[in-house]
Amino acid sequence: MKFALTMIICSILYKECTDPYEVQQTYDTYKECLLAGYEKSAKKIIEIDSKYINTNVIHIKFNCQPYTRS
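Residues numbered from 1 in each chain as written. Predicted model: local features only at pLDDT ≥ 70, side-chain atom pairs only at ≥ 80, totals over all residues. Heavy atoms only, no water.

J.: Quick question: what am I supposed to make of the nonpolar core here?
T.: What tends to happen in soluble globular proteins is that the nonpolar side chains get buried as a cluster. Phe3, Leu5, Met7, Val23, Tyr27, Cys33, Ala36, Ile60 and Cys64 form the largest nonpolar core, which has nine residues in total. Listing elements by their share of this core, those giving two or more residues are strand 1 (3–11), strand 3 (21–27), helix 1 (30–47) and strand 4 (58–66). Ranked by residues supplied to this core, first place goes to strand 1 with three residues. The residues contacting Leu5, other than those within four sequence positions of it, are Tyr21, Glu22, Val23, Tyr27, Cys33, Ala36, Gly37, Lys40, Phe62, Asn63 and Cys64. (Core = buried A, V, L, I, M, F, W, Y, C linked by side-chain atoms within 4.5 Å. Buried < 20%, exposed > 50% of the residue type's maximum accessible area, 1.4 Å probe, protein only. Helix = DSSP H or I, 4+ residues; strand = E, 2+ residues; numbered from the N terminus. Contact = heavy atoms within 4.5 Å.)

What follows is the structure, encoded as structure tokens:
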């Protein structure tokens, strides 16, 4: 079974989130998907301006679900 990674960027302060973004790559195991979620989330936090993160209290949520497309 393959797994798809979906990421969402949220503001805790404003209680708003972006639309879910599905990463184009699929993963062979749930564990690989989870590890990718943590790695990609950390990279995204590094990319986003610190002032924006601190002002809007940003965090990233991610989810790994079975990939169902053929």
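From this point, the narrative continues.
J.: Looking at this model, I keep getting lost on the state of the cysteines. Mind explaining?
T.: Throughout this description, disulfide means a covalent bond between two cysteine sulfur atoms. Under the defined criterion, the tally for this structure stands at two disulfides. In this model Cys33 forms its disulfide with Cys64; the gap between the sulfur atoms is 2.2 Å. Given an S-S torsion of about -100°, the disulfide between Cys33 and Cys64 has left-handed geometry. One end of the pair, Cys33, is in helix 1; the other, Cys64, is in strand 4, with 31 residues separating them in the sequence. The same class applies to Cys33 and to Cys64, which are both buried. In the chain, the cysteines engaged in disulfides, taken in order along the sequence, are linked 1-2, 3-4. (Disulfide = S-S within 2.5 Å.)

J.: I keep staring at the environment of Asn63 and nothing clicks. Help me out?
T.: Mapped onto the elements, Asn63 comes out in strand 4. A residue is classified by how much of its surface remains accessible, and Asn63, at 37% relative accessible area, is partly exposed. With residues near it in sequence (within four places) discarded, Asn63 still touches Ala4, Leu5 and Thr6.

J.: Would you take a moment to explain the side chain of Asn56 for this structure?
T.: Note on placement: Asn56 falls in helix 2 (residues 50–56). For Asn56, a relative accessible area of 13% translates into the label buried. Here the side chain of Asn56 touches Tyr52 through a polar contact of 2.9 Å, landing on its backbone oxygen. If near-sequence neighbours (up to four positions away) are discounted, Asn56 is found in contact with Ser11, Ile12, Leu13 and Tyr14. (Polar contact = N/O pair within 3.5 Å; in protein donor to acceptor, adjacent residues only side chain to side chain.)

J.: Is there a simple way to explain the packing of aromatic side chains in this structure?
T.: The geometry of an aromatic ring pair is captured by the separation of the ring centres together with the interplanar angle, meaning the angle of the planes. For the structure shown, the criterion picks out two aromatic pairs. A centroid spacing of 5.6 Å and a plane angle of 70° characterise the contact between Phe3 and Tyr30, whose relative ring orientation is edge-to-face. Here Tyr30 lies in helix 1 and Phe3 lies in strand 1, a separation of 27 residues in the sequence. Accessibility expressed as a relative area gives 41% for Tyr30, which makes it partly exposed. Their ring planes at 85° and their centres at 4.8 Å tell us that Tyr38 and Phe62 sit as a pair that is edge-to-face. Here Tyr38, found in helix 1, pairs with Phe62, found in strand 4; they are 24 residues apart in sequence, far enough to count as distant. Given a relative accessible area of 56%, Tyr38 falls into the exposed group. On the basis of relative accessibility, which here comes to 23%, the residue Phe62 falls in the partly exposed class. (Phe/Tyr/Trp six-rings, centres within 6.5 Å; stacked < 30°, edge-to-face > 60°.)

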